[in-house]
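# Overview (structure and organization)
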Amino acid sequence: MEQNVFFLPHEGLKLAELAEFLGAELANSDHADIVVGSVAPINRARAGDVCYILSRRNRDELATCEASAVICDKALIDLVPPHLPVILSNNPHAAFAMAGGLFYPAALRPVAISSEGGIAPSAVIDSTAKLEKGVIVEPLAVIGAHAEIGEGTRIGAHSVIGPNVKIGRDCSIAAGASVLCALIGNGVIIHNGVRIGQDGFGYAPGPRGMIKIVQIGRVIIQDNVEIGANTTIDRGAMDDTVIGEGTKIDNQVQIGHNVQMGRHCAIVAQVGIAGSTKIGNGVQIGGQVGIKGHVTIGDGVQIAAKSGIMTDLAAGGQYGGVPARPLKDYLREAAQQVSKSKLRGRNPGGKEND
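Please read these numbers as outputs of a predicted model, since none were measured by experiment.

Definitions and cut-offs
- Residues numbered from 1 in each chain as written.
- Predicted model: local features only at pLDDT ≥ 70, side-chain atom pairs only at ≥ 80, totals over all residues.
- Heavy atoms only, no water.
- Phe/Tyr/Trp six-rings, centres within 6.5 Å; stacked < 30°, edge-to-face > 60°.
- Helix = DSSP H or I, 4+ residues; strand = E, 2+ residues; numbered from the N terminus.
- Buried < 20%, exposed > 50% of the residue type's maximum accessible area, 1.4 Å probe, protein only.
- Pairing = 2+ DSSP bridges.
- Patch = residues over 30% accessible without salt bridge, like charges linked within 9 Å, V, L, I, M, F, W, Y side chains within 5 Å.
- Areas by Shrake-Rupley, 256 points an atom, 1.4 Å probe, with all protein chains shown as cover.
- Salt bridge = Lys/Arg side-chain N within 4 Å of Asp/Glu carboxyl O.

### So, the packing of aromatic side chains
The tally for this structure, following the rule as stated, stands at two aromatic pairs. Ring geometry for tyrosine 52 versus phenylalanine 96: centroids 4.4 Å apart, planes at 25°, classification stacked. One end of the pair, tyrosine 52, is in strand S5 (residues 49–52); the other, phenylalanine 96, is in helix H3 (residues 92–103), with 44 residues separating them in the sequence. By relative accessible area, which is 17% here, phenylalanine 96 ends up buried.

Written out as structure tokens, the structure reads:
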């Protein structure tokens, strides 16, 4: 792979220093002074790169790997050939993620469009807005009346911050995002094209057609939430839409009005969550899941991709299918359908064997 001009490698760190930063252990102290400055997948890692393994399936790739270090669990160290330095970690995946963030800190946030600090001359900021020190406002951004933005936050080019919006400290609002009717915590990352605080979808059938129901709630986004590109989060109708602390939301997710989402959830791309749904803490939702409004999803629930949620889901369960049911049942039914399909293929008349 040719040099990446968008994210340049780190100046370099000794393996002993990296292991200490990761809370890990260098398997051989003779490798302490080897310098690394980048991360790479095992199949194309070169000198100066760090890679990682999670299972014995990587055995063949390790034999030809040219990385300067591999992160792995103690249970897998016997797989690593002698030419590869080893960093031992109880959680290699998390350790590799930490190493990537250390080497490429700029990649942890949306890309800055302008390298200049301070307030761009072309930004439009209402005279009543309050910006703490260290706020960066990129070209052509608009900040409305009485908005408040905390220290260290960056407002991206062409983004819109509405009147009375409050944004905490050390946040990143990427280019082209709009934030209206919202209170945003600290350390929040909002990627390009995100739409927060537009009115929700609410209508009452009337004799002359659909009558719009006013949406006068807010969006509350707690600390350290990350929201992917082109995701939309509607403001509440009468109550608030809430996204809990530490939750991570992928691109192109739709979250309806009055949704209450817990802490440290993970929501994958193209999920649609209808209004007034309540989602507990630590919930994981796979891609393209659709969730009916007014249902409750318990803490720690895991939902397989492309599932349809029609009813409440009990805490701690794994679910899949349309309508969603316990994952074991769904997988068993899917396997049976595959088996029947293969059987029909062997019987052109479409009749199954007795």
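Structure's up, so let's keep going.
### Remarks on the sheet that holds strand S16 (residues 172–173)
Strand order in this open sheet of 11 strands is S10-S13-S16-S19-S24-S27-S30-S33-S36-S38-S39, and the pairing throughout is mixed. Of all strands in the sheet, those bounded by a partner on one side alone are strand S10 (136–137) and strand S39 (325–326). Two elements, strand S36 (residues 302–303) and strand S38 (residues 318–320), share two bridges in a ladder whose sense is parallel. The residue of S38 that forms the bridge with glutamine 302 is glutamine 318.

### Some words on a nonpolar patch on the surface
Judged by side-chain polarity, Ile213, Val214, Ile216 and Met238 come together as a nonpolar surface patch covering roughly 390 Å² of accessible area. Among the secondary structure elements, isoleucine 213 is positioned in the loop between strand S22 (209–212) and strand S23 (219–221). Accessibility expressed as a relative area gives 33% for isoleucine 213, which makes it partly exposed.

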